[in-house]
Amino acid sequence: MQLPVKLEVRNYHLFYGNFRALKDVTICIPRNQITAIIGPSGCGKSTFLRTFNRMNELIPGVRVQGQVLMDGQDIFAMDPVELRQRVGMVFQRPNPFPKSIYDNVAYGPRAHGIRDRRRLDEIVERSLRDAALWDEVKDDLNKSALALSGGQQQRLCIARALAVQPEVILMDEPASALDPIATLRIEELIQTLKQRYTIVIVTHNMQQAARASDFTAFFMMDEQRAGLLVEYGPTRDLFTRPSDKRTEDYITGRFG
Amino acid sequence: MPVRYIVDRVAKYVLLFSALLSILIVFLIGLFTLREGEPAFRQIGLEHLLGGTVWRPEQDSFGLLAMIIGSVLVTFGALALGLPLALGCAILLAEVAPDNVRAVIRPAVELLAGIPSVIYGLFGMVVLVPLIRGIDVPGNTGFGLLSASVVLAVMILPTITNIAEDAIRAVPREYKEGALALGVTHWQAIVGVILPAARSGIVAAVILGVGRALGETMAMIMVIGNSVVFPHPLTANPLTIFLSQARTLTGNIAVEINYATGLHESALFATGVVLFVLVMLVNSSARLLMRARTG
Ligand SMILES: Nc1ncnc2c1ncn2[C@@H]1O[C@H](COP(=O)(O)OP(=O)(O)OP(=O)(O)O)[C@@H](O)[C@H]1O
Ligand SMILES: [Mg+2]
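The model shown is predicted, which means the values in this text are computed figures rather than measured ones. (Residues numbered from 1 in each chain as written. Chains lettered and ligands numbered in written order. Predicted model: local features only at pLDDT ≥ 70, side-chain atom pairs only at ≥ 80, totals over all residues. Heavy atoms only, no water.)

Peer 1: Even after reading the chapter, I still don't get the pairing of strand β9 (residues 215-221) of chain A, so can you show me in this structure?
Peer 2: For a regular strand, the rule is simple: side chains alternate between the two faces of the sheet. All names here are of chain A. Counted residue by residue, β9 has 6 buried out of 7 residues, so it is predominantly covered. Of the strand pairs in this sheet, strand β3 (residues 34-38) and β9 are connected by 4 bridges, and their pairing is parallel. What sits directly across from Ile38, in β9, is Phe218. Bridging between β9 and strand β10 (residues 227-234) involves 7 bridges; their strand directions are antiparallel. Each residue of the ladder has a partner; that of Thr216, found in β10, is Gly233. (Buried < 20%, exposed > 50% of the residue type's maximum accessible area, 1.4 Å probe, protein only. Helix = DSSP H or I, 4+ residues; strand = E, 2+ residues; numbered from the N terminus. Pairing = 2+ DSSP bridges.)

What follows is the structure in structure tokens.
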């Protein structure tokens, strides 16, 4: 790959207590590209994604081995709070806070010390525009976020993540709780975001990976149910001429 | 008809019956208190009972204002001291403490709830009152609102802590993760997202604590001094009002009911009615407050 590398993982293992959930993962994720992570349920996709913002550490008993670098710097040497400012996340189930739409988006910037109302207004508007939600909510920013539809809530969560100006956005099956139209909107949105952000997205949906990503990583479990990276490459190559038999079985639906 | 349908129907009636029974009991107690207090309301008049500052049964003077103020002040004092402590404990237990620390603190807090009220009173008399008597202000006996507030603060601590902790634990994990994923500190997530999401439960905890505080009798009698004076600052410093002796509504009933007869006795039941109303006012205003903020 000649593309500049944003995230680099080397010989990475993750354990939940004694259970090895990820085994010897090595991968380079390019900057300003969309990288999809696919694989059967339970193979460690979410766990792997949560590595990049060190969310796994919140779970007691988690241990890791190996190296994870962002822009060449070891993320485990960074302050996790600072890291999460640079690496945002959108969760599988939309999880807006029980606050107004405005306060949801302004929450991050406020927490990072921005108090000026005019600047907050700007950030909220820009983030909502970038998340393709502005036109739908601009007239009732003070409405509770919980009153939005599922798809709107998910775009709000994207806006909330954008508001702190991250460099990387992690998405864990962001559309799995949404209907097909809302899903398409999220996919379009992701395409427009890639110019400014490095995006890593977990998906169960093969078409979605094929449609919406530049690179695809296929994970699978070994006999001990440890997740490992089977194949990784440009999405078109992986889907048209997979080099591994297991990848081929999976994408043609003969497996998992 | 299959047996399980019959059981289903019977269960419904049994549940309905127990619910009605508890409502009936509350209703009967209220009715009884009201009936016994009715002569006092009729003969003394509401404005005298509520507005009168002098309580002198032997002269047929039955003003409850001093006791109302006493109850309100001591409850306020207990909340001012106890609420931050209880919330702190709840946050610690629900969010911060690792399991082994929690395993020590939680039973200790629960133990506080099991200590009989008279023991709190004893502790207050023997330890707290002499300590507070040491504050050098003329007229300060140690017995009074401050001692009572401190004792009460400890007594309401477990109530508020337990319910607030449950409320904080009940906040969906997704909120916390969502906040942390934005790069805020754990404390920022607690203050900005978790506590607001637990708000209604925390308000409920405070209401229960206030109810407990208003109703507490024994420990109050033992440390508050019980003199029927209007709580007043002892010096020019308004804060010394907390060194003033006082009497609570509950204490008024308990201290005098043994020898009261006639109108005096009825006035004590009227005291009970006032207490009842006070607690209901607290409950409904808290509920209104909550609805206004969530709506
Ligand atoms: N908190 C945890 N404690 C212990 N084991 C866990 C925990 N979270 C996940 N696991 C285990 O780690 C493995 C990987 O889980 P993970 O959630 O990452 O899979 P996934 O690929 O995202 O699955 P899905 O597609 O169903 O979301 C599974 O075997 C799971 O049981
Ligand atoms: Mg998952």
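Having seen the model, we can carry on.
Peer 1: Before we go on, may I ask you to explain the interface of chain A and chain B in this structure?
Peer 2: Think of interface size as the accessible area that goes away when the parts come together; that is how it is often given. Counting residues at the interface gives 25 residues for chain A and 17 residues for chain B. Across the contact surface, chain A and chain B share 2 salt bridges. In this structure, the salt-bridge partner of Glu177(B) is Arg50(A), at a minimum N-O distance of 3.2 Å. Our count for the chain A to chain B interface comes out at 7 residue pairs in polar contact (both at pLDDT 80 or more). Within the residue set of the side of chain A that touches chain B, elements represented by two or more residues are α2 (80-86), β6 (87-90), α3 (101-111) and α6 (150-162) of chain A. (Contact = heavy atoms within 4.5 Å. Salt bridge = Lys/Arg side-chain N within 4 Å of Asp/Glu carboxyl O. Polar contact = N/O pair within 3.5 Å; in protein donor to acceptor, adjacent residues only side chain to side chain.)

Peer 1: For this particular structure, what's the right way to read the side chain of Thr35(A)?
Peer 2: Residue and element names in this part refer to chain A. You can see Thr35 is positioned in strand β3. The class of Thr35 is buried, set by a relative accessible area of 0%. Every residue in contact with Thr35, bar those within four places of it in the chain, is listed here: Ile29, Pro30, Ile199, Val200, Ile201, Phe215 and Tyr232.

Peer 1: Honestly, the site of ligand 1 in this entry has me stumped. Any pointers?
Peer 2: Residue and element names in this part refer to chain A. Around ligand 1, the surrounding shell holds 14 residues, and the nearest of these are Ser41, Gly42, Lys45, Ser46 and Thr47. Within the backbone of Cys43, a nitrogen or oxygen atom sits 3.3 Å from an oxygen atom of ligand 1. Ser46 places a side-chain nitrogen or oxygen 2.7 Å from an oxygen atom of ligand 1. Protein chains bury 66% of the 640 Å² of accessible surface belonging to ligand 1 in isolation. Of all the secondary structure elements, the ones that give two or more residues to the shell around ligand 1 are β2 (19-30) and α1 (45-49). Here the shell around ligand 1 gets 3 residues from one element, more than from any other, and that element is α1. Along the lines of polarity and charge, the residues of the shell around ligand 1 split into 5 nonpolar, 6 polar and 3 charged. (Near = heavy atom within 4 Å. Areas by Shrake-Rupley, 256 points an atom, 1.4 Å probe, with all protein chains shown as cover. Nonpolar A, V, L, I, M, F, W, Y, C, P; charged D, E, K, R; others polar.)

The quantities given are spatial measurements derived from coordinates; they are silent on function.
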